[in-house]
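Single-letter residue listing:
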Amino acid sequence: MRAVFGVVSMLIVLAVLAVVAFLAARQLKSAAPRVAAPGAAAASAPLSGNVGEQVRQVQQQVGADVAKALEQGAAARKEAAGK
């Protein structure tokens, strides 16, 4: 009898985990179109010049993106601390 309860409880736990995984996957699929691809910003501005100039342009773009992300994070922390 204990073995039957053990098996039934494991099946219930697996069913709950499957539902949670399904909901999480559906949430990720709905959020995916809103997120821009990492190279989308760099691809939108055409690179010009030789390879060295292109590398500098990409480095500047990445630096600007990182600075922007850091500023957004700092603003979010400041806003959260003010609440």
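Before reading on, note that the structure itself is shown above.
Residues numbered from 1 in each chain as written. Predicted model: local features only at pLDDT ≥ 70, side-chain atom pairs only at ≥ 80, totals over all residues. Heavy atoms only, no water.

Visitor: Could you clarify how one ought to interpret the overall build of the protein chain in this entry?
Guide: Counting its regular elements, the protein chain contains 3 helices and 0 strands. The order of helices and strands in the protein chain, counted from the N terminus, is α-α-α. Across the 83 residues in the protein chain, those meeting the buried criterion constitute 0%. Within the structure as shown, the protein chain displays about 7200 Å² of accessible surface, and the carbon and sulfur contribution to it stands at 69%. (Helix = DSSP H or I, 4+ residues; strand = E, 2+ residues; numbered from the N terminus. Buried < 20%, exposed > 50% of the residue type's maximum accessible area, 1.4 Å probe, protein only. Areas by Shrake-Rupley, 256 points an atom, 1.4 Å probe, with all protein chains shown as cover.)

Visitor: Any chance you could explain a nonpolar patch on the surface here in plain terms?
Guide: A cluster of nonpolar side chains, contributed by V4, V8, I12, V16 and V20, occupies part of the molecular surface with about 430 Å² of accessible area. Mapping V20 onto the fold places it in helix α1 (residues 2-31). (Patch = residues over 30% accessible without salt bridge, like charges linked within 9 Å, V, L, I, M, F, W, Y side chains within 5 Å. Salt bridge = Lys/Arg side-chain N within 4 Å of Asp/Glu carboxyl O.)

Visitor: Teacher, can you tell me more about helix α3 (residues 51-82) here?
Guide: Each α-helix turn comprises 3.6 residues. Residues three or four places apart therefore point the same way. Compared with an ideal rise of 1.5 Å per residue, which puts 32 residues at 46 Å, α3 spans 46 Å between its outermost C-alpha atoms and is within 8% of the ideal. At the N-terminal boundary of α3, the capping side chain belongs to N50, with an oxygen 3.2 Å from the backbone nitrogen of G52. (Expected span 1.5 Å × (residues − 1). Polar contact = N/O pair within 3.5 Å; in protein donor to acceptor, adjacent residues only side chain to side chain.)

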